[in-house]
Amino acid sequence: HLVLDGTEYAVAHGALRQLALHAGFGMGSRYLVERCSLELRARNVNHQLAKHSEKALVFRTRAERGEERRRIFATVTRGYAACDTDAVLDAVRPSLSDARAELVYDGAGVTATALFMPDHVVDLAAGDVFKAGVRVRTDDTGRGRVRIAAVLWRNRCLNLLIMDEGEVETVSEVHRGDPARILAAVRAGVEAARGKVTHFLDAWGHARTVRIDPMETIRRWVAEKRVTPQSEKLRDQLVEALLAAWHAEPGETLADAVNAVSRAAHENPSFTMDYREQLERQAARLVLVPR
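Reading the values: the criteria
- Numbers given to residues run from 1 along each chain, matching the order in which its sequence is written.
- This being a predicted model, a pLDDT of at least 70 is required before a residue's local features are given, and a value of 80 or more before pairs of side-chain atoms are given or counted; all residues contribute to the totals for chains, interfaces and linings.
- With hydrogens and water set aside, each side-chain value is computed from the structure's full complement of heavy atoms.
- Accessible area is worked out with a 1.4 Å probe on protein chains only. A residue is then buried under 20% of its type maximum, exposed over 50%, and partly exposed in between.
- Under the DSSP-based scheme used, a helix requires at least four consecutive residues in state H or I and a strand at least two consecutive residues in state E, with every element numbered from the N terminus.
- Strands were regarded as paired on the criterion that DSSP finds at least two bridges between them.
- Within 3.5 Å is the distance limit for a polar contact, defined as a pair of N or O atoms, with the added protein rule that one can donate a hydrogen and the other accept it, and that residues adjacent in sequence qualify only through two side-chain atoms.
- For this analysis, a ring pair means two rings from Phe, Tyr or Trp (six-membered ring only for Trp) whose centres lie within 6.5 Å, classed as stacked if their planes differ by under 30 degrees, edge-to-face if by over 60, and tilted for the remaining angles.
- Counting as a charge over the ring demands two things of the Lys NZ or Arg CZ atom: a distance within 6 Å of the ring centre and an angle within 35 degrees of the ring normal.
- Computed over the protein atoms alone on a 1 Å grid, cavities are sets of points where a 1.4 Å probe fits but cannot get out and pockets are open sets with protein on both sides within 12 Å along at least five of seven lines; a residue lines them when it has an atom within 4 Å of a point.
- Grid points are joined across faces, edges and corners, and a volume is the space filled by probe spheres set on the points.
- All residues other than Ala, Val, Leu, Ile, Met, Phe, Trp, Tyr, Cys, Pro, Asp, Glu, Lys and Arg, Gly among them, are scored as polar; the first ten of these are nonpolar and the last four charged.
- Axis definition: a line fitted to C-alpha atoms, limited for helices to the stretch in contact. Angles are taken between N-to-C directions and run from 0 to 180 degrees.
- For classification purposes, angles smaller than 35 degrees are called roughly parallel, those larger than 145 roughly antiparallel, those between 65 and 115 roughly perpendicular, and all remaining angles oblique.
- Rotating anticlockwise by less than a right angle from the far helix to the near helix defines a left-handed crossing, while the corresponding clockwise rotation defines a right-handed one.
- Whether two residues are in contact is decided by their heavy atoms, any of which lying within 4.5 Å being enough.
- Note on definitions: salt bridges are taken to be side-chain nitrogens of Lys or Arg within 4 Å of carboxyl oxygens of Asp or Glu.

Caption draft 1: Highlighting the pairing of strand S5 (residues 100-105). Taking burial as the measure, the six residues of S5 include zero buried ones, a minor fraction of the element. Inspection of the sheet shows S5 paired to strand S6 (residues 110-116) by six bridges, in the antiparallel sense. In the strand pairing of S6, Arg100 is matched with Leu115. Here S5 folds back onto S6 in antiparallel fashion, the turn holding four residues, of which Gly107 has a positive phi close to 95°.

The following block contains the structure:
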């Protein structure tokens, strides 16, 4: 516990570690928490804090059910802008009121996902997007940011047991400056994320209805550099990899050809991580600007 102006507070381990970092003995915080008795811990912490008595810090506290003392859950500097989870969720609620929400709270903040389903699922196949949403992450302890992202899930097998997940971040705000400005950025980020999700789902539904010759289309994409090889010398190998991916999961729609690009990106062991991400971005563009 910590006594401030005659009032005793419980202290969360994370808040103690933050205090130790600000006071310059952060490397020893784990030892103090896990190895020291209360008396020895108090002696060490008081000795270290005396060296930095001029540094101004803010202790964030909250009442906890069943506890007589308030608990310090975060130690932050005076520049920290309180833009807490409840305010963030209030800010995003109007834009996401028609979605189904999944929310997980870990004591520091939330990971909340507003979920949307495609209006029409046509011939659901391996690789199809079947769920989309907007993800909101918060952190009230000073150890994280407010983040907003568009997120898509797709199945990698027909029974929906193996999933891929991808997201595009639209907001990453540190707790600095005017909280009203942060919340305005959050609202704009939610609208941007929702726009990305809606646009992609509409385009994907259309791609499922467009009949093509996938083998000819894949070759043309590479020839037109809409899907680019790691180097010009590897152009033929890329075509072979894409065709092999399509043969593993054949189909006659634009979506099936795009799936071949994504599947090759995930499964070809010769591709670097950066190149895999490049192929995923190119696959998304092929859906959003089809043919």
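Caption draft 2: Fine view of the side chain of Thr75. Within the fold, Thr75 resides in strand S4 (residues 71-77). A distance of 3.0 Å separates a polar atom in the side chain of Thr75 from the backbone oxygen of Ala15.

Caption draft 3: Region of the structure containing the packing of aromatic side chains. Enumeration according to the criterion identifies one aromatic pair in this entry. A cation over a ring is seen here: Arg62 above Phe73, with NZ or CZ 4.2 Å from the ring centre.

Caption draft 4: Expanded view of the layout of surface pockets. Taken as a whole, the second largest pocket encloses approximately 380 Å³ of empty space. A breakdown of the residues in the lining of the second largest pocket according to their chemical character gives nine nonpolar, three polar and one charged.

Caption draft 5: Up close: the packing of helix H7 (residues 235-248) against helix H8 (residues 254-267). The interhelical angle for the contact between H7 and H8, taken along N-to-C directions, is 115°, at an axis separation of 8 Å. One finds that H7 runs roughly perpendicular with respect to H8. Here H7 and H8 pass one another in a crossing that is right-handed. Together, Ala241, Leu242, Ala245, Trp246 and Ala248 of H7 and Asp256, Ala260, Val261, Arg263 and Ala264 of H8 make up the contact between the two elements. Here the residues of the contact of H7 with H8 are counted per class, giving eight nonpolar, no polar and two charged.

Caption draft 6: Layout of the environment of Ala42. Positionally, Ala42 belongs in helix H3 (residues 38-50). Distance in space between the C-alpha atoms of Ala42 and His1 is 8.8 Å, their sequence separation being 41 residues.

Caption draft 7: Highlighting the pattern of salt bridges. All told, the structure shown has 16 salt bridges when counted by the stated rule. Two residues, Arg62 and Glu64, come together in a salt bridge whose shortest N-O distance is 3.5 Å. With a shortest N-O distance of 3.5 Å, Arg220 and Glu216 are connected by a salt bridge. On the criterion of helical spacing, the pair formed by Arg220 and Glu216 is a turn pair, its members being four residues apart in helix H6 (residues 214-223). We classify Arg220 as partly exposed; its relative accessible area is 22%. On the basis of relative accessible area, Glu216 is assigned to the partly exposed category, the value being 40%.

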